[in-house]
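Listed below, chain by chain, are the residues.
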Amino acid sequence: MHAKTAPEDTGIPCLHRSPGFRKETLTMTSNQEPNRKPLLYYAMIALTLILLLNTFVFPMILSRQVQEIGYSDFLQWVDNKRVSRVSLDEQNNQIVFIATNDNGQEQIFKTAVFPDDGLRARLEAAGVQFSAQIPTQNSPLLNFVISWIIPIALFSLLGRVLMNQMGKRMGDGMNVMNFGKSNPKIVADKETGVTFADVAGEEEAKDALKEIVDFLEHPDKYAGIGAKLPKGALLVGPPGTGKTLLAKAVAGEAKVPFFSISGSEFVEMFVGMGAAKVRDLFKQANEKAPCIVFIDEIDTIGKKRDNGASIGGNDEREQTLNQLLTEMDGFDGKKGVVILAATNRPESLDPALLRPGRFDRRIPVELPDLNGREAILNVHAQHVKMSGQIQMKEIARATSGASGAELANIINEAALRAVRMGRSEVTQEDLMESVETVIAGYQRKNAVMSEEEKRIVSYHEIGHALVAALQTHSAPVTKITIIPRTSGALGYTMQVDEGDHYLMSQEELLSKLATLTGGQAAEQLVFHSITTGASNDIEKATKLARGMITRYGMSEFGMVALETVNGQYLGQDTSLACSPAYAEKIDEQVVALVGQARKKADQLLKDHEDKLHELAGYLLQKETITGEEFMEILNRKA
Ligand code: ADP
Ligand code: ZN
Ligand code: MG
């Protein structure tokens, strides 16, 4: 007896589907549509600037203003010795010359060529240099600067702005000007703000992490004695159990920086970038030590590297993983960098990651038990106005199998319901209703079921409940309703266990199996026909029976594992581990086992048919029946 085997869910047989608690919780990440305006805006400004420079400023600078004057004026200026240099521009048929203007400054002038043989003698007489080239243009250096350097600088500025914008839009890590530089969020202790007090239950996990907190606070104490703390700890557990929360709490408790990065962020489009990112992350962490590096969803990069079965894209992941391994080996354990990682698929991790010196410490973060659930509910209830008479224990009891995230959601749903109802406090009723909302979806107020359908659903649900109540090993019925839910359930029966149990006996499993078949058994008995309403029951019953035979050794095959479980924390996905001959036998046994359960249910209902009618009549009329009412009617003498 090693494994805690609490097979499947809490047993809420129902008509159609009920998602139960074992479902992935969706986290809504607000994916903000990036602002496109600045991008266009910068581009426009830069373009306008270049255009303006080109049309107005450059020509002005390039051709220093050349003023044209009449030929006679020119001759007069020569005689007055105002002209210093003259050159003949034959191409444009003009004379260009430098003279002092009216303000006494040297300036370039030009004048049209006039056929004049005496000009030369006249110039010589005035002592004007006339052989020299007159520089009508700027120095070549200035010219170069203006026509090349400035536009290039402008363009690269524009480019940089565009790239930056693009980088921001692709996410922090993808800044194009910044290849391979990871930008892990550095959250100062004020900002994590999470402490162990915010994490309810999970005492074992907290204990294991307290040592790490102590190490981060007093690294010298450990160094003094020569003790090396594990470099990495791996938080494993189902989704929504508070792994990320715990990692933050460690940083918050130790008041150290918290570098958080998600495994999926490493897997990027360009080969080698993931590895560069790892390198950079560790470099930053070393500079900021003591600190915590948290790699969330590490299974994305840490998958086993063995089989080359998958095509393409693996190189990158492997490179990233290798870099991570190298970095973990390379850094100094005494410095105070602790790496935490979280995953809900520990079995898929590469063994190299788990060997001593890397993630050698494994901290299970399990689904909360009864007390844990109550504590989590209370933690989240602190932030919500609650009425005085709240019985959290009752809510905790009704939510067996729920994760911390789901419990937090239940509190929030209850608060939302209270607002909808125009109340300023959350009541017990809000909480109970939100439990059902989370289990079975919202009530579909406007869904109209025909009277005949309602009758069938009533008998179906009472069938489940009656079979459950008439067996000794079954959990007590707490509530039955036939109000349709958004999840598609037309009605459901809630059974709630008193305490928590991790083991289920063969008797309990058989009772559960009979309970699951009770719905259809009632339909058959009363209406002599069956409906599609039992599809969810059938699915669950088959899975349960199969598990009993292939995994729990509760069949003539004995203690032989005929199926293996993949992903223990993510649903119960199994794959066959036996020969085809056995597979056939397994199927036969599953059919036989479910058949037996159905026979038992048939018999129980037949023996108590009067109660079946009485209870179904009551449910049809009231639409909801509580556990007490149910038992009261059941125990009433006819
Ligand atoms: P995981 O990383 O294990 O999938 P998270 O740490 O992201 O789960 O938990 C999601 C949310 O659920 C948390 O932000 C918190 O509100 C709630 N939660 C989960 N477990 C607990 C717990 N033990 N105590 C208090 N709140 C919890
Ligand atoms: Zn059912
Ligand atoms: Mg998480």
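The residue numbering used here restarts from 1 in each chain and proceeds along that chain's sequence as written. Chain letters start at A and ligand numbers start at 1, both assigned in the order the entries are written. Side-chain atom pairs in this predicted model are given and counted only at pLDDT of 80 or more, local residue features only at pLDDT of at least 70, and totals for whole chains, interfaces and linings cover all residues. Calculated side-chain values reflect all of the structure's heavy atoms, with hydrogen atoms and water omitted.

Colleague: I'm lost on the pattern of salt bridges in this one. Help?
Modeller: It is possible for side chains bearing opposite charge to pair when their charged atoms get close. One side-chain nitrogen of Lys or Arg within 4 Å of one carboxyl oxygen of Asp or Glu is enough to make a salt bridge. Enumeration according to the criterion identifies 21 salt bridges in this entry. Between D79 and R122 there is a salt bridge, with the nearest N and O atoms lying 2.9 Å from each other. In this pair, D79 is assigned in helix α2 (residues 71–79) and R122 in helix α3 (residues 119–126), connecting sequence segments 43 residues apart. Burial classification: accessible surface area is computed with a 1.4 Å probe over protein chains only, and a residue below 20% of its type maximum counts as buried, one above 50% as exposed, and the rest as partly exposed. The partly exposed category is assigned to D79, whose relative accessible area is 42%. A residue is classified by how much of its surface remains accessible, and R122, at 31% relative accessible area, is partly exposed. We note a salt bridge from D430 to R417, for which the minimum N-O separation is 2.7 Å. With D430 in helix α17 (residues 428–440) and R417 in helix α16 (residues 404–420), this pair connects stretches of sequence that are 13 residues apart. A residue is classified by how much of its surface remains accessible, and D430, at 0% relative accessible area, is buried. Judged by relative accessible area, R417 falls into the buried class, the value being 11%. Segments assigned H or I by DSSP are reported as helices when at least four residues long, segments assigned E as strands when at least two residues long, and all are numbered from the N terminus.

Colleague: Just to check I follow, could you spell out the site of ligand 1 for this structure?
Modeller: By nearness alone, 15 residues border ligand 1, and A200, G240, K243, T244 and H380 come closest of all. Throughout this description, a polar contact denotes any pair of N or O atoms lying within 3.5 Å of each other; where both atoms belong to protein, one of them has to be capable of donating a hydrogen while the other can accept it, and for residues adjacent in sequence the pair is counted only when both atoms sit in side chains. A distance of 3.1 Å is found between an oxygen atom of ligand 1 and a backbone nitrogen or oxygen belonging to G242. At 2.6 Å, a side-chain N or O of T244 approaches an oxygen atom of ligand 1. Coverage of ligand 1 by the protein chains reaches 79% of its 550 Å² of free accessible surface. Contributing elements (two or more residues each) for the shell around ligand 1: α8 (243–254), α14 (370–381) and α16. The element contributing the most residues to the shell around ligand 1 is α8, with 3 residues. Of the residues belonging to the shell around ligand 1, the class tally is 6 nonpolar, 6 polar and 3 charged. Whether a residue is near a molecule or strand depends on its heavy atoms: if one lies within 4 Å, it is near. The method behind every accessible area is Shrake-Rupley, applied with a 1.4 Å probe, and residues are considered shielded solely by the protein chains displayed. Side-chain classes are defined by residue name, with Ala, Val, Leu, Ile, Met, Phe, Trp, Tyr, Cys and Pro counting as nonpolar, Asp, Glu, Lys and Arg as charged, and the others, Gly among them, as polar.

Colleague: Which parts of the structure should I look at to understand the packing of aromatic side chains?
Modeller: One pair of aromatic rings is described through two measures. These are the centre distance and the angle between the planes. Note on aromatic contacts: the rings of Phe and Tyr and the six-membered ring of Trp form a pair at centre separations within 6.5 Å, being stacked when their planes are under 30 degrees apart, edge-to-face when over 60 apart, and tilted otherwise. All chains considered together, the criterion is met by 9 aromatic pairs. Measuring from centroid to centroid gives 4.9 Å for W77 and F109, while their planes differ by 90°, and the two rings are edge-to-face. Residue W77 is found in helix α2, and its partner F109 is found in strand β5 (residues 106–112); the two are separated by 32 residues along the sequence. An identical accessibility class is assigned to W77 and F109; each is buried. Ring plane angle 90° and centroid distance 5.5 Å describe the contact between Y459 and F527, whose orientation is recorded as edge-to-face. Of this pair, Y459 sits in helix α18 (residues 451–469) while F527 is found in helix α19 (residues 506–527), placing the two residues 68 residues apart along the sequence. Owing to a relative accessible area of 7%, Y459 belongs among the buried residues under this scheme. Of the aromatic side chains, those joined through ring pairs into one cluster are Y71, F74, W77, F97 and F109. We count a charge as sitting over a ring when the NZ of a lysine or the CZ of an arginine lies within 6 Å of the ring centre and within 35 degrees of the ring normal. Just above the ring of W77 sits the side chain of R82; from NZ or CZ to the centre is 4.0 Å. Residue placement shows K585 over the ring face of Y582; its charged tip is 4.7 Å from the ring centre.

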